[in-house]
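Summary of structural features
In case you want the letters, here they are:
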Amino acid sequence: MSQTVRLHKSDNVVVAKTDIEGGTVITAEGVTAQADIPRGHKIATTAIAKDEAIVKYAQLIGFASRDIASGDHVHTHNVMVKAFAR
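The following refers to the structure shown. (Residues numbered from 1 in each chain as written. Predicted model: local features only at pLDDT ≥ 70, side-chain atom pairs only at ≥ 80, totals over all residues. Heavy atoms only, no water.)

**Re the nonpolar core**
Membership of the largest hydrophobic core is limited to eight residues, which are Val 14, Ala 16, Ile 20, Ile 26, Val 31, Ala 33, Ile 37 and Ile 43. In contact with Val 31, other than residues within four places in its own chain, are Thr 24, Val 25, Ile 26, Ala 44, Thr 45, Ser 70 and Gly 71. Grouped together as the second largest cluster of nonpolar side chains are seven residues, Ala 44, Ile 48, Ile 54 and Ile 68 included. (Core = buried A, V, L, I, M, F, W, Y, C linked by side-chain atoms within 4.5 Å. Buried < 20%, exposed > 50% of the residue type's maximum accessible area, 1.4 Å probe, protein only. Contact = heavy atoms within 4.5 Å.)

Here you go:
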């Protein structure tokens, strides 16, 4: 059973279905959790550079406030909202 759910193929994050311990390999995504990830929180599936879009549901949900590595917890500590052209 997969530990995460991918909401759209273009997303660069997945959602943890259960609490995931740091160091856990998320086989379906080919990434390793870099820290503990609480259930319902996002995990980067690729590196996301500072100011790059974070995509969930095939929609832009924010921007990286700092570089985010593949497998990092994606949450308020590294996500920002800013204006952008649609």
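The structure having been displayed, the exposition proceeds.
**Digging into the packing of aromatic side chains**
Using the criterion set out here, one finds one aromatic pair in the structure. Here the guanidinium or amino end of Lys 82 rests over the ring plane of Phe 63, the centre of that ring lying 4.8 Å away. (Phe/Tyr/Trp six-rings, centres within 6.5 Å; stacked < 30°, edge-to-face > 60°. Lys NZ or Arg CZ within 6 Å of the ring centre and 35° of its normal.)

**With respect to the sheet that holds strand β7 (residues 59-64)**
Overall, antiparallel pairing links the three strands, which are arranged β6-β7-β9 in an open sheet. The two strands at the open ends of the sheet, each matched to only one other strand, are β6 (53-56) and β9 (79-80). In this sheet, β9 lies alongside β7 in antiparallel orientation, the contact comprising two bridges. The partner of Phe 63 across the bridge, within β9, is Met 80. (Pairing = 2+ DSSP bridges. Helix = DSSP H or I, 4+ residues; strand = E, 2+ residues; numbered from the N terminus.)

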